[in-house]
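# Summary of structural features
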Amino acid sequence: MLVEINENFTAKDKRIVRNDWNNYFKSLKRYRDAEISNRLGPLVISIYIKMGRLSSSYIPIYSVHNLCREFPYNTLIASLYLEGELISPQKHNSVYIQEAQELEKKHIYLWQEM
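The rules behind the values
Residues numbered from 1 in each chain as written. Predicted model: local features only at pLDDT ≥ 70, side-chain atom pairs only at ≥ 80, totals over all residues. Heavy atoms only, no water. 1 Å grid on protein atoms, 1.4 Å probe; cavity = no way out; pocket = protein on both sides within 12 Å on 5 of 7 lines; lining within 4 Å. Points joined across faces, edges and corners; volume = space filled by probe spheres on them. Helix = DSSP H or I, 4+ residues; strand = E, 2+ residues; numbered from the N terminus. Nonpolar A, V, L, I, M, F, W, Y, C, P; charged D, E, K, R; others polar. Contact = heavy atoms within 4.5 Å. Phe/Tyr/Trp six-rings, centres within 6.5 Å; stacked < 30°, edge-to-face > 60°. Buried < 20%, exposed > 50% of the residue type's maximum accessible area, 1.4 Å probe, protein only. Pairing = 2+ DSSP bridges. Axes fitted to C-alpha atoms, helices over the stretch in contact; angles between N-to-C directions. Core = buried A, V, L, I, M, F, W, Y, C linked by side-chain atoms within 4.5 Å.

### Concerning empty space enclosed by the protein
Applying the stated criterion across every chain, the model contains 1 cavity of 30 Å³ or more. Estimates place the volume of the largest cavity at around 50 Å³. Around the largest cavity, the lining residues are Arg18, Trp21, Arg30, Asp33, Ala34, Glu35, Ile36, Ile47 and Ile49. Contributions of two or more residues to the lining of the largest cavity are made by α1 (11–24), β2 (35–40) and β3 (43–51). In terms of residue class, the lining of the largest cavity is made up of 5 nonpolar, no polar and 4 charged.

### Quick look at the environment of Val17
Tracing the sequence through the fold places Val17 in helix α1. Between the C-alpha atoms of Val17 and Leu2, which are 15 residues apart in sequence, the distance is 7.6 Å. Those residues in contact with Val17, other than ones at most four positions away along the chain, are Phe9, Ile49, Tyr58 and His92.

### Focus on the packing of aromatic side chains
For the coordinates displayed, the defined rule picks out 4 aromatic pairs. Where Tyr24 meets Phe25, the ring centres are 4.9 Å apart and the plane angle is 75°; that geometry is what we call edge-to-face. By relative accessible area, which is 10% here, Phe25 ends up buried.

### Some remarks on the sheet that holds strand β4 (residues 58–66)
Overall, antiparallel pairing links the 5 strands, which are arranged β1-β2-β3-β4-β5 in an open sheet. This sheet does not close on itself; its edge strands, each paired only once, are β1 (29–32) and β5 (78–83). When the angles between neighbouring strand axes are averaged without regard to direction, this sheet yields 25°. With 5 bridges connecting them, β4 and β5 associate as antiparallel partners. From the neighbouring strand, His65 faces β5, where its bridge partner is Ala78.

### Observations regarding the nonpolar core
One finds Trp21, Phe25, Ile47, Tyr58 and Tyr62 to be the most contacted residues of the largest nonpolar core, which totals 21 residues. Where this core is concerned, the elements lending two or more residues are α1, β3, β4, β5 and α2 (92–113). Sorting elements by how many residues they give to this core places α2 first, with 4 residues. If we skip the residues at most four places from it in the chain, Phe25 touches Ile36, Ile47, Ala100 and Glu104.

Structure (structure tokens):
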């Protein structure tokens, strides 16, 4: 949780945001600085924290990649891609858990539909 609320995310704030998301999705491991992911068989499930310009906001992006499909040029294309809501430093503490729960609901619903 952010202790000091600033206008923009500081480097320390960014670490806190990433840790908050990582603590909520404990089954996912830190992959890169702003991404947590896990491989389940042929599927790679990940959440990427996309920071806006000037670090004034971020959007959590949830994606699933199917490694069984052939991709051109050694790239991954998401089989499932969901963007969350825009979150500012002032809203992070009160919104990120709700946003994580919403992403979980959308994910479960989409898998049930398949």
